[in-house]
Amino acid sequence: ATLEITYTGTVAATATVDGAGNVNTVTIDYEDTDGNGSPSEVKTNETIYTYAVAIKKVDQNGHNLAGAKFSLPFYVNATADTDGAYIYAGTTAGTGLVNELTPPADGLIIIKGLAKGDYTFTETEAPAGYNKLTDTVTVTAAQTGSASSMIPAMTQK
């Protein structure tokens with residue numbers, strides 16, 4: 001007989017959001033139902049990685065733009081970490097969390113701790129002298145550590 005066990009988990013606030021990932025250990029203890037067999041154990045480790053997105057705001061000449069505001073489909077810690085990245089905090093509002101960010105002078109926002117997938121952002125305010133983007137921007141999260149390959153330039157004209 002085949003037995004399939006499905007479970008879900010939540011990444012803890014203490015999880016590593018960069019680098020080598022987080023080792024998740026699953027142990028299943030079992031014995032047969034007629035009591036004739038000895039207890040058995042299956043133990044497996046799975047490394048879980050987090051993903052990140054980066055958004056870079058530039059003008060038509062590729063120069064960095066600050067002053068835009070982007071609405072996020074989730075919440076992040078209101079204060080960036082020591083690397084300047086914002087850390088994903090879930091889909092529920094809370095103290096110290098925001099779901100709108102303004103790029104700094106270098107025009108770059110990095111958000112770490114995401115699940116693999118696509119995320120859609122909306123520009124809610126354009127930099128002075130520019131128009132807001134007319135469409136949303138969808139960004140595919142990249143495994144943390146490969147940030148250079150995930151920076152779409154949002155060009156303003």
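See above for the structure.
About the thresholds
- Residues numbered from 1 in each chain as written.
- Predicted model: local features only at pLDDT ≥ 70, side-chain atom pairs only at ≥ 80, totals over all residues.
- Heavy atoms only, no water.
- Helix = DSSP H or I, 4+ residues; strand = E, 2+ residues; numbered from the N terminus.
- Buried < 20%, exposed > 50% of the residue type's maximum accessible area, 1.4 Å probe, protein only.
- Contact = heavy atoms within 4.5 Å.
- Salt bridge = Lys/Arg side-chain N within 4 Å of Asp/Glu carboxyl O.
- Phe/Tyr/Trp six-rings, centres within 6.5 Å; stacked < 30°, edge-to-face > 60°.

Another aspect to go through is the overall build of the chain. A tally of helices and strands in the chain yields 0 helices and 11 strands. Reading the secondary structure of the chain in the N-to-C direction produces β-β-β-β-β-β-β-β-β-β-β. Across the 157 residues in the chain, those meeting the buried criterion constitute 29%. Across the chain, contacts joining residues at least 24 apart in sequence account for 63% of those joining residues at least 6 apart.

Moving on: the pattern of salt bridges. For the structure shown, the criterion picks out 3 salt bridges. For K69, the salt bridge goes to E125, with nearest N and O atoms at 3.9 Å. With K69 in strand β4 (residues 69-77) and E125 in strand β8 (residues 118-125), this pair connects stretches of sequence that are 56 residues apart. Here D83 ties to K112 by a salt bridge, and the two come within 3.4 Å at their closest N and O atoms. Of this pair, D83 sits in the loop between β4 and β5 (86-90) while K112 sits in strand β7 (residues 108-114), and the two are 29 residues apart along the sequence.

Attention shifts here to the packing of aromatic side chains. Under the defined criterion, the tally for this structure stands at 3 aromatic pairs. Where F74 meets Y88, the ring centres are 5.4 Å apart and the plane angle is 65°; that geometry is what we call edge-to-face. Taken together, the residues span a long stretch of sequence, with F74 in strand β4 and Y88 in strand β5 at a distance of 14 residues. Taking the relative accessible area as the measure of exposure, Y88 reaches 31% and is therefore partly exposed. Between F74 and F121, the ring centres sit 6.2 Å apart and the planes meet at 85°, which makes this aromatic pair edge-to-face.

Let us now look at the environment of P104. Within the secondary structure, P104 is located in the loop between β6 (97-101) and β7. When the C-alpha atoms of P104 and A66 are compared, they prove to be 5.4 Å apart, with 38 residues separating the residues in sequence. Aside from chain neighbours lying at most four places away, what touches P104 is L65 and A66.

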